[in-house]
Structure formats: C-alpha cells, structure tokens
Amino acid sequence: MKQQTLAIHAGYQRDSQGTMAVPIYQSTAYAFRDTDHAANLFELKELGNIYTRLMNPTTDVFEKRFAALEGGVAAVGTASGMAAIFYAIANVAEAGDNIIVAKQVYGGTTTLTGHTIKRFGIETRYFDVQNPTEIEGLIDTKTKLVLFESITNPSIDVADFKTIVEITNQYGVLSCVDNTVATPIFCTPLALGCDIVVHSASKYTTGQGLAIGGIIIERENLVDKIKGNSRYYHFNEPDESYHGLIYSDLPLPLFTLRVRLSLLRDLGAAPSPFNSWLYIQGIETLSLRMKQHSASALEIAKFLENHPKVLKVNYPGLESDKNYSMAQKYFKGGNSGLLSFEVESKAMAQKIADSTEIFAVVVNIGDSKSIITHPASTTHQQLSAQELIEAGISGGLIRLSVGLEDTQDLIEDLSRALERG
Ligand code: PLP
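Residues numbered from 1 in each chain as written. Predicted model: local features only at pLDDT ≥ 70, side-chain atom pairs only at ≥ 80, totals over all residues. Heavy atoms only, no water.

Visitor: I'd like a rundown of the site of the ligand, residues and numbers included.
Guide: Lining the immediate environment of the ligand, one finds 14 residues, of which G81, D178, S200, S202 and K203 sit closest. D178 has a polar side-chain atom sitting 2.6 Å from a nitrogen atom of the ligand. Protein chains shield 91% of the accessible area of the ligand, which is 390 Å² for the free molecule. Here the element with the most residues in the shell around the ligand is helix α4 (residues 81-90); it accounts for three residues. Taken together, the residues that form the shell around the ligand break down as four nonpolar, seven polar and three charged. (Near = heavy atom within 4 Å. Polar contact = N/O pair within 3.5 Å; in protein donor to acceptor, adjacent residues only side chain to side chain. Areas by Shrake-Rupley, 256 points an atom, 1.4 Å probe, with all protein chains shown as cover. Helix = DSSP H or I, 4+ residues; strand = E, 2+ residues; numbered from the N terminus. Nonpolar A, V, L, I, M, F, W, Y, C, P; charged D, E, K, R; others polar.)

This is how it looks when you write it as structure tokens:
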C-alpha cells in the first residue's frame, strides 16, 4: 500500500461496533481472562494489554501507523520527543559507554547529550554533520549509537545518509535518526539503511501544536546487527530484571520491545491515550499538510534570498543552498516547512521577530500557525558560545516554521517586519 493509504488505515481493525474513528481507550489497566492469561502476558507467551504505562490500544494504532509510514517493523510511543531520544540512548548505553552525536541538533538534544547523560556516566562525542567521515575517528569499542537529524534544527543541514550508514555498518554500531523535521513524507531513513528513527510527535505529527509526544521506530531485521554483537551484550545476555529473558532470541522486534519492557516499565514516560488519538488524527493529513508547508517555505525562501537585509537563507529546496544536492538525493517531494535566515545583528533579528504580526514568537515548529524564533536567545540559549558556533547559530539567525496560512500573507508579514528591523 502507498503511504497515504497507510496514513489513513494502518494499524486499525474496526471493532464490533464498526467504529470508523479510532476509539480513545482511556483506561489505566485491562482485565485478564484469568490468572493464567495474566501470567502468559507477563511471560510474553501471548501478547496483549497489561497496563497503559506499557501499552494501550489507542497508542498501539499510533505506533503501528507511524511504523508503517517510516517503513519500519515496530514502534514504541513516548510522552515526548526528548523521552524518545533519551530512551533510544538508554536502551543501548550505560556508564562507561559513549555515543556519537551531530553537533547540529535541536538544543534539547545538545543539553541531554552534553550534560544530562554525562551524569549517568555516558560520554558524548560530537561530529560535524557537514563532515560525517569524522565519525570513523570517534568510534571505539564502547560506542553504542550514532545520533543525528535528517534535517538539522535550526541550521537546516541535510545529513549525508550514505556515508553515515557505511561507517556505522562497518563498525556494527547502531544509527539513530531524528526525523522530526523532514517527516516520513519527505524522507524515510530506514529505507536509506539507518537502524532507528525517533520523532518528536509534538511537531508536524499533530500539526496544530496540540500535544507533546514522541516515538521510536526500528527497522526490519535489526536483530541481524545485534545478535552476537558484543557491543550490544544487553540484548544477547539474560536480562535479570525480566527472569533471564534474552532479547535477541525472541521472534519479535527487539529494540522497541526492550524500550517497552525495561524503560517504559521502570521510567514510565508513556503517552496518554488521548494524545495518541491526537497524533492519529494528525497522521491522516500529514502528507497533505507537509506538501503545503514545503511549497510555502520554498516561496518564502526565494523572497528572503532576494531581500537586501538578508545575508543568507538556509533552505535545502533553494538551488543556491549548500544542501540542495543532498536534499535532491535523499528527499522526495519536498523539504519541510523549516528554514532559517541571517541578518546583520542580534538586535536586528530580535526587532524583526518582534515586528511580525502573523508569525508568532514561539519556541515550537511544525504547527499550522507560522512561528518565528530567535534560537540564540531561546531554544539554544543554554548552549555555550562555542556550542552555538558549532551548531551554526549566530546572534543574527532567525528560524521560521512556515505554517499553513496563505503564502502571500506570510511574505507580506515578513516584508513589513524586515522594513522595521
Ligand atoms: N527533536 C527535534 C528536531 C525538535 O525540534 C524537538 C523539539 O523542538 C525535539 C526533538 C524534542 O521534542 P519534544 O518537545 O516533543 O520533547
């Protein structure tokens, strides 16, 4: 089936009432048929509902539908994008291990990897997404994950998937892609050879800025890379916290299963059923929205490119952009609604942001309502001066998340703001 059909139907079997819309199963727990049934579920002899911290029938549709869109085999929903990223890391790395992360990532990912996980004894080594061969020099026997974004936020670089996949496969290291900005409508990292995809579902998934959420998706046959691989001994040795279960021996997708059985069980950042229902509503129109976001962003990027106050525009759909050929290679049908541009100074950038009327000054992306952000003073404010330079964020950088308003109205809004800036 094609992606748009999957977006409408994947993962949902109509119930005995013939309910067309996926129901919201707003329940904490589920009654077992009897104690044997309960024991079978806990022992994984049978799969089914136990407790909403671990699984929920509405969340299950969200997970199956998103996995289908990304071309993955299984998924696990989380309460936020940050929880998804943390769980993807914590599923493979422990004290004494390291992970390799692109310098150009969302600010929350930089603080998580540069500070918070350091307190758990996990080291982060950074590579320049513009120069991914650097990864090779950073890998050692303790390296557990290479993490990057398909389109970086807010420097708007496009990752060179081929090089990253070649290196990670050569060393048997898992690759994990944050595909929040590109979405599976424009880019499917698993089809490009990556192992794990993570998302903030808070962005384009709901599409209207309605709910915080995240998801982790794994590719088919990931067990082939993990089974017998000493880097991932936790998957190959008995898990004492689960009666000696060996994940790589199970006939089930092992990465997301371990997130569910271990991390959701013990840390508990599960999505609420209502939020999962909102993500499902969003997924149904994701492709239609993404095409409009992208078409509008391209027109705005062209307008900005010709404006005398704009020093530089970052949008991979522009032929002049340094990422254009990479986007042509890895993206299909569009380049998302996120772009950034640079003006002379921080003061000018802030004046422009404060002067827009339709674009709202907000720290979010992927909303139907257009958003203007000054990353250096907000989303990336907690980065050091050096981290800001490495993430490609100057004081004069402005990020736009182009919404679904009329494109001409948005251009006029920016034009007026630039005059005042
Ligand atoms: N990944 C990217 C690319 C983001 O832009 C964000 C948030 O802005 C996140 C992850 C974190 O997601 P959440 O806010 O859902 O925790």
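Moving on from the coordinates now.
Visitor: Give a detailed account of the packing of aromatic side chains, specifying residues and quantitative values.
Guide: The final tally for this structure, using the stated rule, is 10 aromatic pairs. Look at F62 and Y279: their rings are 4.7 Å apart centre to centre, the planes differ by 50°, and that puts the pair in the tilted class. Of this pair, F62 sits in helix α3 (residues 57-70) while Y279 sits in helix α12 (residues 273-305); the two residues are 217 residues apart in sequence, bridging distant segments of the chain. Accessibility assignment for this pair places F62 and Y279 in one class, buried. When the ring of F86 is compared with that of Y87, the centres are 6.1 Å apart and the planes differ by 50°; the resulting orientation is tilted. Pair check on accessibility: F86 and Y87 agree, each one buried. Here a set of aromatic residues connected by ring pairs shows up, and it is made of F62, F66 and Y279. In this arrangement the basic side chain of R258 is found over the ring face of F235, its NZ or CZ atom lying 5.0 Å from the centre. (Phe/Tyr/Trp six-rings, centres within 6.5 Å; stacked < 30°, edge-to-face > 60°. Buried < 20%, exposed > 50% of the residue type's maximum accessible area, 1.4 Å probe, protein only. Lys NZ or Arg CZ within 6 Å of the ring centre and 35° of its normal.)

Visitor: Let's hear about α3: which residues, and what values?
Guide: Over its 14 residues, α3 extends 20 Å from the first C-alpha to the last, a length consistent with the 20 Å expected when each residue adds 1.5 Å. Among the 14 residues that make up α3, 11 are buried, leaving the element largely enclosed by the rest of the structure. Along α3, the positions that sit buried rather than exposed are P57, T58, T59, V61, F62, E63, R65, F66, A67, L69 and E70. A distance of 2.8 Å separates the backbone nitrogen of T58 from a side-chain oxygen at the start of α3, and that oxygen is part of N56. (Expected span 1.5 Å × (residues − 1).)

Visitor: Quick rundown of the sheet that holds strand β9 (residues 338-342)? Include the residues and the values.
Guide: Spatially, the five strands line up as an open sheet ordered β8-β9-β12-β11-β10, and their pairing is mixed. Unpaired on one side and paired on the other, β8 (312-314) and β10 (360-361) mark the two borders of the sheet. As defined by bridge partners, strand β11 (residues 371-373) adjoins strand β12 (residues 397-401) across three bridges and the pair is classed as antiparallel. Following the sheet pairing, T373 is matched in β12 by R399. Against the sheet, α12 engages β8, β9 and β12, with an angle of about 10° to β9. (Pairing = 2+ DSSP bridges. Contact = heavy atoms within 4.5 Å. Axes fitted to C-alpha atoms, helices over the stretch in contact; angles between N-to-C directions.)

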